[in-house]
Amino acid sequence: MSTVKPEPAAMRSFMAHRAMLTDYAAKVVGDRVQAEDIVQEAWLSLTARPAGADVRNPLGYLHRMVRNLAIDALRRKARESRFSGGDMDVAERMVADGQASPEAALSARRDLACVLDVLQGLPERQRIAIEMYRFGGHKLREIADHLGVSVALVHLLVSEGLAICADRCGLSRPNSG
């Protein structure tokens with residue numbers, strides 16, 4: 001299939017309403033830079049249409065394309081978040097240069113100090129279970145064997161202990177297993 005330049009009406013509509021389309025995409029995705037990328041992608045899609053494919057309402061067509069691309073971007077972001085446990089864009093910015101910002105590093109050190117302080121006040125069995133799970137990377141079964149208790153009890157010890165740490169240190173609650 002050959003592609004053609006967009007017809008003058010589509011080009012005029014795009015140029016006249018680019019800012020409006022970008023504003024619309026920004027409202028959907030919550031990020032102006034990403035919105036500009038989405039509008040550019042819509043333009044590229046418009047220019048890549050097969051020869052002879054007429055668009056009766058170029059503005060409506062562009063608006064629908066921008067909406068669909070923005071929704072796709074949100075879905076992609078949600079999927080990445082589910083798989084990675086966080087926002088990939090934020091994570092990429094934080095590790096772009098291989099180091100966290102000084103503010104992020106200081107905040108992380110404060111959070112860790114708080115958690116370690118809270119852990120010292122927990123019952124020994126609970127503290128050991130959390131340390132083995134979060135810092136040692138042990139599986140619940142391994143911790144249960146080490147402590148001589150059931151996996152269910154280890155899960156309870158870890159989840160309740162992590163909730164206590166999160167509450168006392170003002171952190172978001174981590175997944176415990």
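Scoring rules and cut-offs
- Residues numbered from 1 in each chain as written.
- Predicted model: local features only at pLDDT ≥ 70, side-chain atom pairs only at ≥ 80, totals over all residues.
- Heavy atoms only, no water.
- Axes fitted to C-alpha atoms, helices over the stretch in contact; angles between N-to-C directions.
- Helix = DSSP H or I, 4+ residues; strand = E, 2+ residues; numbered from the N terminus.
- Parallel < 35°, antiparallel > 145°, perpendicular 65-115°, else oblique.
- Left-handed = near helix turned anticlockwise from the far one by under 90°.
- Contact = heavy atoms within 4.5 Å.
- Nonpolar A, V, L, I, M, F, W, Y, C, P; charged D, E, K, R; others polar.

### Side note on the packing of helix H5 (residues 102–120) against helix H8 (residues 151–169)
Running from N to C, H5 and H8 point in directions that differ by 125°, and their axes come no closer than 9 Å. On the basis of the axis angle, H5 is oblique to H8. Here the hand of the crossing between H5 and H8 comes out right-handed. For the pair H5 and H8, contact is made by Cys114, Val115, Val118 and Leu119 and by Ile164, Cys165, Arg168 and Cys169, respectively. A per-class count over the contact of H5 with H8 returns seven nonpolar, no polar and one charged.

### Remarks on the packing of helix H7 (residues 140–147) against H8
The description of two packed helices rests on the angle between their axes and on the distance between the axes. Two elements in contact, H7 and H8, have axes separated by 8 Å at closest approach and are oriented at 105°. Between H7 and H8, the interaxial angle falls into the category roughly perpendicular. Seen from H7, the contacting residues are Leu140, Arg141, Ile143 and Ala144; seen from H8, they are Val151, Val154 and His155. For the contact of H7 with H8, a count of residues per class yields five nonpolar, one polar and one charged.

Honestly, that's just the spatial picture; any functional story needs more than this.
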